[in-house]
Amino acid sequence: RVFGGVRMSQEPEELPNSEPELNLSSPGLFSQRILTRQALHAEEKDLICKKVATLLENDEIVFMNSGTTVLYLLRYVANKHLHVFTNNAAIALVERPADVEMTITGGEHFVRTQSMVGSIAKDSLSRVIATSCILGVSGISAANGITTTLHQEREINNIMLHNCEGKHIVAA
């Protein structure tokens, strides 16, 4: 049978298992900069996310930014129904539990940070009120607050913080 102009070339039971394991070091998927950032302090990032997962409750709406730390979180949120709103383009390639719904903002794509920024990303996030906000950032200072390497990401982080009515979790 043909539905919508699409036809199966093989019976479903004959299709090969084509779900490859995610390999963040695959050439061409990520810039060397993000691969380096992802690997830097990997154990600490994993431990942070393991703890953060215990702070999230079922049915939360969660902002997650483009920091590499947040990529580890999806390992630890099984059995929690969450809706994640993010500007993190890399997160689309990270395996996640079926209970976790994901909305990626769209917008201008910065390859070196795998972030979505600009007016489309800002408008998307401005329309959402979250119950938790999880940010991975470059640093935190008394004088300048949360710091990041791109001013466009700072704008996104500020919108996420402003539109979150619950927990604010920041990891540097």
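Cut-offs applied
- Residues numbered from 1 in each chain as written.
- Predicted model: local features only at pLDDT ≥ 70, side-chain atom pairs only at ≥ 80, totals over all residues.
- Heavy atoms only, no water.
- Helix = DSSP H or I, 4+ residues; strand = E, 2+ residues; numbered from the N terminus.
- Contact = heavy atoms within 4.5 Å.
- Areas by Shrake-Rupley, 256 points an atom, 1.4 Å probe, with all protein chains shown as cover.
- Core = buried A, V, L, I, M, F, W, Y, C linked by side-chain atoms within 4.5 Å.
- Buried < 20%, exposed > 50% of the residue type's maximum accessible area, 1.4 Å probe, protein only.
- Salt bridge = Lys/Arg side-chain N within 4 Å of Asp/Glu carboxyl O.
- Pairing = 2+ DSSP bridges.
- Axes fitted to C-alpha atoms, helices over the stretch in contact; angles between N-to-C directions.

> Which parts of the structure should I look at to understand the overall build of the chain?
Looking only at helices and strands, the chain has four helices and nine strands in total. When the helices and strands of the chain are listed from N to C terminus, the series reads α-α-β-β-β-β-β-α-β-β-β-α-β. For the chain, the share of sequence-separated contacts (at least 6 apart) that also reach a separation of at least 24 residues comes to 56%. About 10,100 Å² of surface is accessible on the chain, with carbon and sulfur atoms providing 53% of the total.

> Looking at this structure, how should I read the nonpolar core?
In this structure, Leu56, Val62, Met64, Leu73, Leu74, Val77 and Ile134 are the most contacted members of the largest nonpolar core, which totals 21 residues. Elements represented by at least two residues in this core include exactly α2 (42–55), β1 (60–64), β2 (82–86) and β3 (100–104). By residue number, the principal contributor to this core is α2, which donates three residues. In this view, Ile134 contacts Val52, Leu56, Val62, Phe63, Met64, Asn65, Val70, Leu73 and Ile169; residues no more than four positions away in its chain are not counted. By size, the runner-up hydrophobic cluster in this structure holds 14 residues, among which are Phe63, Ala121, Val137 and Ile159.

> Is there a simple way to explain the pattern of salt bridges in this structure?
Side-chain pairs of opposite charge can arise where the charged atoms are in close proximity. Inspection of every chain in the model, using the stated rule, returns three salt bridges. A salt bridge links Lys167 to Glu60, with the nearest nitrogen and oxygen atoms 3.0 Å apart. On the criterion of sequence distance, the pair formed by Lys167 in strand β9 (residues 164–171) and Glu60 in strand β1 is long-range, its members being 107 residues apart. What makes Lys167 partly exposed here is its relative accessible area of 27%. Residue Lys122 pairs with Glu155 through a salt bridge whose shortest N-O separation is 3.2 Å. Linking Lys122 in helix α3 (residues 119–126) with Glu155 in helix α4 (residues 151–162), this pair joins segments that are 33 residues apart in sequence. With relative accessibility at 24%, the residue Lys122 sits in the partly exposed group. The partly exposed category is assigned to Glu155, whose relative accessible area is 28%.

> Help me understand the sheet that holds β3, please; the structure alone is not making it clear to me.
On the basis of which strands lie adjacent, the open sheet formed by five strands has the order β3-β2-β1-β6-β9 and parallel pairing. Two strands close off the open sheet at either side, each with one partner strand: β3 and β9. Neighbour to neighbour, the strand axes of the sheet diverge by 20° on average, direction disregarded. With six bridges joining them, strand β6 (residues 130–136) and β9 adopt parallel strand pairing. Paired with Gly136 across the strands is Ala171, a residue of β9.

> For this particular structure, what's the right way to read the side chain of Thr105?
In this fold, Thr105 is placed in the loop between β3 and β4 (108–110). Contacts of Thr105, omitting those with residues within four sequence positions, involve Thr86, Asn87, Met116, Ile120, Ala121, Ser124 and Leu125.

> Help me understand the environment of Gly107 in this model?
Among the secondary structure elements, Gly107 is positioned in the loop between β3 and β4. The class for Gly107 is partly exposed, based on a relative accessible area of 31%. When the C-alpha positions of Gly107 and Val117 are compared, they lie 5.4 Å apart, and in sequence the two are ten residues distant. Apart from the residues lying within four places of it in its own chain, the contact partners of Gly107 are Met116, Val117, Ile120 and Ala121.

> Before we go on, may I ask you to explain the pairing of β2 in this structure?
Along any regular strand, the residues point their side chains to alternate faces of the sheet. Where burial is concerned, most of β2 is hidden: four out of the five residues are buried. Sheet analysis places β1 next to β2, joined by five bridges and oriented parallel. The residue of β2 that forms the bridge with Val62 is Val84. Strand direction decides the pairing type here: β2 and β3, joined by five bridges, are parallel.

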